[in-house]
Amino acid sequence: MAKTSVSSPKNVERAEYFAPGHRACQGCAEALAVRLVLKALGKDTIVGMATGCMEIISSPLPLTSWRVPWIHNAFENPAAVISGCEAGMKVMMRKGKLPEKKINFVGMGGDGATADIGFGPLSGALERGHDMIYICYDNEAYMNTGIQRSSSTPYGASTTTSPAGKKSIGQHTQKKNMVEIAAAHGIPYVATACPSFPFDLLEKVKKASETPGPAYIHILSVCPTGWRIQPADAIKYGRLAVNSCVFPLYEVVGGKHRLTYKPSEKKLIPVSEYLSGQGRFRHLTDKDIEQIQAATTLRYERLLKLSEEG
Amino acid sequence: MGKVRKGVEVSIAIADAVAQANVDVIAAYPITPQTHIVEHLSEIVADGELDAEFVPVDSEHSAMSVCCGSAAVGARTFTSTSSQGLALMSEIFFIAAAMRLPMVMALANRSLSSPLSIWNDHSDVMMVRDAGWICVFVENGQETYDNIFCGYRMSEDPNVMLPVAVNLDGFILTHMIEPVEYEDDALIRQYLPEFRMKNALHPDNPVSMGCFGMPEIYTETQMNREVGVKNSYPHIIKAWDEWGKLTGRHYRPIETYRADDAEYCIVTMGSYGETAMEVVDALRAEGEKVGVVKIRLWRPFPLDEFRKTVLGKKHLIVVDRAITFGGQGGPVATELRSALYKKDGAPTIVNYVAGLAGRDVSRKDFRNIILEGKKKAESGDTEGFTLYGLRG
């Protein structure tokens with residue numbers, strides 16, 4: 001495993017660029033992820049954000065939690081907006097209108113903004129090769145508006161628009177694999193991360209910042225409100241997602257897959273441990289869980305194989 | 001580029017003006033429907049004649065989104081679109097104005113689907129009438145070329161900070177080859193200094209743009225927009241006046257032709273003004289006391305100047321290029337009726353909607369509209385609108 005530059009709390013940036021006092025729910029792991037991401041990026045960063053939880057909780061006029069320049073424009077266009085910021089700055093620096101400076105251009109959106117409504121603009125921005133980072137904070141549904149399903153909602157989850165019922169398991173489609181879709185654009189850096197593994201997350205954001213060209217990071221952001229768990233358990237569920245291989249931590253660098261964290265035999269757990277405590281999955285039968293286990297194992301084994309191939 | 005007069009396709013003249021304006025970012029989607037503006041701009045950038053980022057986006061929605069991003073960092077920004085493309089980007093079109101992001105768009109006016117049509121009318125711009133952009137209408141190649149520079153001057157004025165749409169009739173103007181007098185680069189630089197945006201996004205001065213508004217503050221933000229658009233008016237006039245001083249080509253929010261002593265006038269917006277002037281000349285020779293009133297500035301609407309121009313006339317025959325389905329007439333006539341309601345000396349208004357989706361409106365047609373319109377006005381037949389040339 002590669003040596004990380006951020007391996008202890010002592011190395012983590014002390015400055016806060018996502019100010020406290022925002023209005024996120026208790027235990028919001030997405031707000032934690034935003035805070036960590038900004039620590040990794042530092043002050044020379046411009047953020048373009050989608051409409052959604054993070055925008056609403058952080059920018060009620062005339063207040064803001066953002067200590068870096070920040071722009072929200074619409075739901076589906078953070079990738080396009082930030083690509084415009086990058087293009088504008090790049091040309092103004094080239095023309096001598098602005099002094100040269102390394103700036104991180106970072107688009108941010110939830111899973112709905114990324115995998116559904118903003119899918120086209122994101123694909124366009126990645127394909128055009130802007131020097132930008134796009135971060136998807138995936139809490140696996142439209143949480144801001146009351147837990148509606150997205151294409152990133154996992155199979156079997158009950159949401160307000162994919163409710164479990166007598167004739168439905170809830171979400172009956174498989175979670176859209178945004179990570180592999182981003183990687184399929186042939187961009188130089190793609191990774192998954194989770195704030196329950198903060199050093200891994202910080203390291204990946206730093207790598208993305210240092211990589212010229214587009215980078216995509218998909219962060220599993222546990223949502224106690226939408227997943228129907230206790231706020232105090234947000235970090236725990238992030239760990240369970242990773243250790244059950246439901247959400248493996250890996251990166252795709254120059255097209256090559258590499259697991260950055262592999263649960264040891266001692267830590268490896270069945271998906272039932274991850275699913276059982278969550279209200280959104282409580283209707284699942286043992287047979288349903290078996291099916292999810294089989295699908296998860298299959299996906300993880302494929303990833304392992306890709307990772308071993310290097 | 002030095003001062004030169006040449007025959008050029010109007011779309012090409014627009015692209016050349018954008019290059020002379022030393023634009024930083026061009027984000028445009030080339031289709032829905034297509035003009036040569038974007039094609040020629042990409043050539044200019046590819047040949048190194050303009051140092052700009054040409055962002056070939058995935059859709060018009062992304063085009064306007066990229067423009068918002070680039071304008072937010074203070075880059076001089078240009079885009080161009082039409083009909084369906086404008087409809088697709090309309091969400092962000094509104095946001096651009098609300099966020100006070102300066103940019104110029106060449107809006108080649110074309111009809112909205114369905115049925116699908118790529119030809120000219122004003123149904124696209126009327127859809128975004130209330131977005132808060134400055135909307136200028138031009139009627140020939142020279143006016144188009146000039147108003148790209150005037151547009152930037154207005155848009156980037158610290159007292160304005162609003163996006164500007166230069167409306168030109170699709171095909172009727174965009175695809176015509178016309179004589180256009182190009183100005184010298186030095187004159188352009190004098191007229192249009194480098195853009196320095198206060199409060200642009202930059203790490204040295206972190207600002208938050210596009211925050212959300214609770215009901216306690218939303219109303220005030222909208223009043224702020226209204227005041228912003230209204231207050232842009234004198235600065236628009238100033239931008240045109242200074243252009244006039246430098247080039248001898250003058251622009252006014254409301255322009256007229258043989259209207260001073262006219263008893264009644266035909267009102268046009270866009271390229272129809274030129275045909276109307278020719279027909280008015282012919283009718284004048286026959287003794288008709290008719291003139292032309294042309295609306296150049298559609299937003300902010302030049303209420304006082306319009307009233308000053310038309311109060312005391314007997315009739316106005318307003319030619320609209322779009323229908324407000326289920327409404328009371330074309331969008332222009334509806335607005336003009338409202339502007340004159342209960343005003344002393346207000347002319348009666350007769351409304352025609354003509355030339356939808358590029359159907360030709362010839363000099364003969366204008367003559368019919370004027371004479372038939374006058375009869376309607378005299379007989380009191382002034383409600384609603386007439387769809388001119390409708391086949392039975």
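Coordinates for the structure precede this section.
Residues numbered from 1 in each chain as written. Chains lettered and ligands numbered in written order. Predicted model: local features only at pLDDT ≥ 70, side-chain atom pairs only at ≥ 80, totals over all residues.

Caption draft 1: A look at the overall build of chain B. When you go through chain B residue by residue, the secondary structure sums to 13 helices and 16 strands. For chain B, whose C-alpha radius of gyration is 21 Å, the value lies close to the compact-globule estimate of 21 Å for 392 residues. Once the C-alpha set of chain B is aligned to its principal axes, its extents read approximately 65 × 55 × 45 Å. For chain B, with 392 residues in total, the buried portion stands at 53%. Partitioning the contacts of chain B with sequence separation of at least 6, the portion at a separation of at least 24 is 79%. (Helix = DSSP H or I, 4+ residues; strand = E, 2+ residues; numbered from the N terminus. Rg over C-alpha atoms; globule rule 2.2 N^0.38 Å. Buried ≥ 20, exposed ≤ 12 C-beta atoms within 10 Å, placed from the backbone. Contact = placed C-beta atoms within 7 Å.)

Caption draft 2: Broad picture of helix α3 (residues 78-94) of chain A. Residue and element names in this part refer to chain A. A rise of 1.5 Å per residue sets the reference length of α3, with its 17 residues, at 24 Å; its end C-alpha atoms lie 24 Å apart and thus fit the reference within 8%. Judged by how many residues are buried, α3 sits mostly within the fold: 15 of 17 residues are covered. Just downstream of α3, Gly-96 is the residue with a positive phi angle, here 80 degrees. (Expected span 1.5 Å × (residues − 1).)

Caption draft 3: Local environment of the sheet that holds strand β4 (residues 133-138) of chain A. Strand order in the open sheet made by the 9 strands is β8(A)-β7(A)-β5(A)-β6(A)-β4(A)-β3(A)-β1(A)-β2(A)-β9(B), with mixed pairing throughout. Every other strand in the sheet has two partners, leaving β8 (256-261) of chain A together with β9 (208-209) of chain B as the edge strands with one partner each. The pairing of strand β3 (residues 104-110) of chain A with β4(A) spans 5 bridges and is classified as parallel. From the neighbouring strand, Met108(A) faces β4(A), where its bridge partner is Ile135(A). (Pairing = 2+ DSSP bridges.)

Caption draft 4: Fine view of the nonpolar core. Membership of the largest hydrophobic core comes to 221 residues, with the highest contact counts inside it found for Val18(B) and Cys265(B). Broken down by element, the residue count for this core peaks at 10 residues, all from helix α1 (residues 29-41) of chain A. There are two domains that each give this core at least three residues, and those are domain 1 (4-247) and domain 2 (255-387) of chain B. Cys265(B) has contacts with Ala259(B), Val290(B), Gly291(B), Val292(B), Val293(B), Val310(B), Lys313(B) and Leu316(B), leaving out every residue within four places of it along the chain. (Core = buried A, V, L, I, M, F, W, Y, C linked by C-beta atoms within 7 Å. Domains from an automatic or database assignment.)

Caption draft 5: Local environment of helix α3 (residues 60-72) of chain B. Residues and elements named next belong to chain B. Relative to the 18 Å expected for 13 residues at 1.5 Å per residue, α3 spans 18 Å between its end C-alpha atoms, a close match to the ideal helical length. For α3, a buried count of 13 out of 13 residues is recorded, marking the element as mostly surrounded by other parts of the structure. Looking at the residues trailing α3, positive phi occurs at Gly-74, about 95 degrees.

Caption draft 6: Molecular detail of the interface of chain B and chain A. At the junction of the two partners, chain B supplies 38 residues and chain A supplies 42 residues. Broken down by secondary-structure element, the contributors of at least two residues to the side of chain B that touches chain A are β2 (25-28), β3 (53-56), α3, α4 (83-98) and β9 of chain B. With 9 residues, α3(B) is the single largest residue contributor to the side of chain B that touches chain A. In terms of residue class, the side of chain B that touches chain A is built from 22 nonpolar, 10 polar and 6 charged. (Nonpolar A, V, L, I, M, F, W, Y, C, P; charged D, E, K, R; others polar.)

Caption draft 7: Up close: unusual backbone geometry. Along the chain, Leu61(A) connects to Pro62(A) via a cis peptide bond; the corresponding omega equals 5 degrees. The residue Pro62(A) is located in the loop between α2 (53-58) and β2 (70-72) in this model. Cis geometry marks the peptide bond from Ser113(B) to Ser114(B); its omega dihedral reads 15 degrees. In this structure, Ser114(B) sits in the loop between β5 (104-109) and α5 (123-127).

Caption draft 8: Structural view of the sheet that holds strand β15 (residues 348-353) of chain B. Residues and elements named next belong to chain B. Reading across from one edge, β10-β12-β11-β14-β15-β16 is the order of the 6 strands in this open sheet, with mixed pairing throughout. Here the strands that pair on one side only, and so sit at the sheet edges, are β10 (254-257) and β16 (386-387). By the bridge criterion, 4 bridges tie β10 to strand β12 (residues 290-295) in an arrangement that is antiparallel. Of the residues in β12, the one forming a bridge with Ile-254 is Ile-295. With respect to the sheet, helix α10 (residues 272-285) is in contact with β10, β11 (264-268), β12 and β14 (315-320), its orientation differing from that of β12 by roughly 170 degrees. Helix α12 (residues 331-340) rests against β11, β12, β14 and β15 of the sheet, and its axis sits at about 150 degrees to β14. (Axes fitted to C-alpha atoms, helices over the stretch in contact; angles between N-to-C directions.)

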